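Spelled out, the chains give:
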Amino acid sequence: MSPRPAAAAPRERFPDRLIRPRGGPELLLGLRNLYILPTRFGWLWLLSCLVLYLLGINGGSNGPLLLGFLGTGLFLISLHLTQFNLQGLRLRCGEPAGASPASPWPTHCSSTAE
């Protein structure tokens, strides 16, 4: 048997048209490069809303149904408001503070909103 070829580097697996190079040390957050995804707490929140909804259906009670729908609506609104608040944020990388590899890289944030 011949040995298996080594796995290709991640850069070689994707076509060049899917990987866009950065335009320099500055990044403007917009609709195409800002993704708001739920954390573990967010998934737990959705699971608890689903459990409330199922309890409300099974028990024939309106209280858990209302809380399940309100919790889900609050979750969806928070995702949209986070996207709205971070859109237009400009991130810029500064020069390192020292010559050692462990020195921090300062990040400068500015907003284009008025």
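Each value, and the rule that gives it
Residues numbered from 1 in each chain as written. Predicted model: local features only at pLDDT ≥ 70, side-chain atom pairs only at ≥ 80, totals over all residues. Heavy atoms only, no water. Helix = DSSP H or I, 4+ residues; strand = E, 2+ residues; numbered from the N terminus. Buried < 20%, exposed > 50% of the residue type's maximum accessible area, 1.4 Å probe, protein only. Contact = heavy atoms within 4.5 Å. Areas by Shrake-Rupley, 256 points an atom, 1.4 Å probe, with all protein chains shown as cover. Pairing = 2+ DSSP bridges. Axes fitted to C-alpha atoms, helices over the stretch in contact; angles between N-to-C directions. Phe/Tyr/Trp six-rings, centres within 6.5 Å; stacked < 30°, edge-to-face > 60°.

**Observations concerning the overall build of the chain**
Part 1 of the reasoning: Each helix and strand in the chain was counted, giving three helices and three strands.
Part 2 of the reasoning: Of the regular secondary structure in the chain, the N- to C-terminal order runs α-β-α-α-β-β.
Part 3 of the reasoning: Here the chain holds 114 residues, and the buried ones make up 12% of them.
Part 4 of the reasoning: Taking contacts inside the chain between residues at least 6 apart in sequence as the whole, the part at least 24 apart equals 46%.
Part 5 of the reasoning: Looking at the chain as shown, the accessible area adds up to about 9900 Å², and 65% of this sits on carbon and sulfur atoms.

**Comments concerning the side chain of Q83**
Part 1 of the reasoning: For Q83, the position within the fold is in helix 3 (residues 62-86).
Part 2 of the reasoning: Ignoring any residue separated from it by four or fewer positions in sequence, one finds Q83 in contact with G30, L31, L34 and I36.

**Let's talk about the environment of G94**
Part 1 of the reasoning: By the element assignment, G94 lies in the loop between strand 2 (89-93) and strand 3 (107-111).
Part 2 of the reasoning: The class of G94 is buried, set by a relative accessible area of 11%.
Part 3 of the reasoning: Along the sequence, G94 and W105 sit 11 residues apart, while their C-alpha atoms lie 6.4 Å from each other.
Part 4 of the reasoning: Aside from chain neighbours lying at most four places away, what touches G94 is W105, P106 and H108.

**Side note on the sheet that holds strand 2**
Part 1 of the reasoning: The strand order across the open sheet built from three strands is 1-2-3, with neighbouring strands paired in antiparallel fashion. Here the strands that pair on one side only, and so sit at the sheet edges, are strand 1 (26-28) and strand 3. Each adjacent strand pair in this sheet contributes to an overall mean axis angle of 15 degrees, direction not counted.
Part 2 of the reasoning: Here strand 1 pairs with strand 2 via three bridges, running antiparallel. Each bridged residue has a counterpart across the sheet, and for L27 the counterpart in strand 2 is L91.

**With respect to the pairing of strand 2**
Part 1 of the reasoning: As paired elements, strand 2 and strand 3 share five bridges and run antiparallel to each other. Considered in strand 3, the bridge of C93 is made with T107.

**Description of the packing of aromatic side chains**
Part 1 of the reasoning: Tallied over the full model, the rule gives two aromatic pairs.
Part 2 of the reasoning: Ring centres of F41 and W45 lie 6.2 Å apart, and the angle between their planes is 50 degrees; this geometry places the pair in the tilted category. Placement of the pair is F41 and W45 together in helix 2 (residues 40-59), with a separation of four residues, close to one helical turn.
Part 3 of the reasoning: With relative accessibility at 57%, the residue F41 sits in the exposed group.
Part 4 of the reasoning: Measuring from ring centre to ring centre gives 5.4 Å for Y53 and F69, while their planes differ by 65 degrees; the resulting arrangement is edge-to-face. In this pair, Y53 is assigned in helix 2 and F69 in helix 3, connecting sequence segments 16 residues apart.
Part 5 of the reasoning: Judged by relative accessible area, which is 30%, Y53 ranks as partly exposed.
Part 6 of the reasoning: With a relative accessible area of 52%, F69 lands in the exposed category.

Keep in mind these numbers describe shape, not what the thing actually does.
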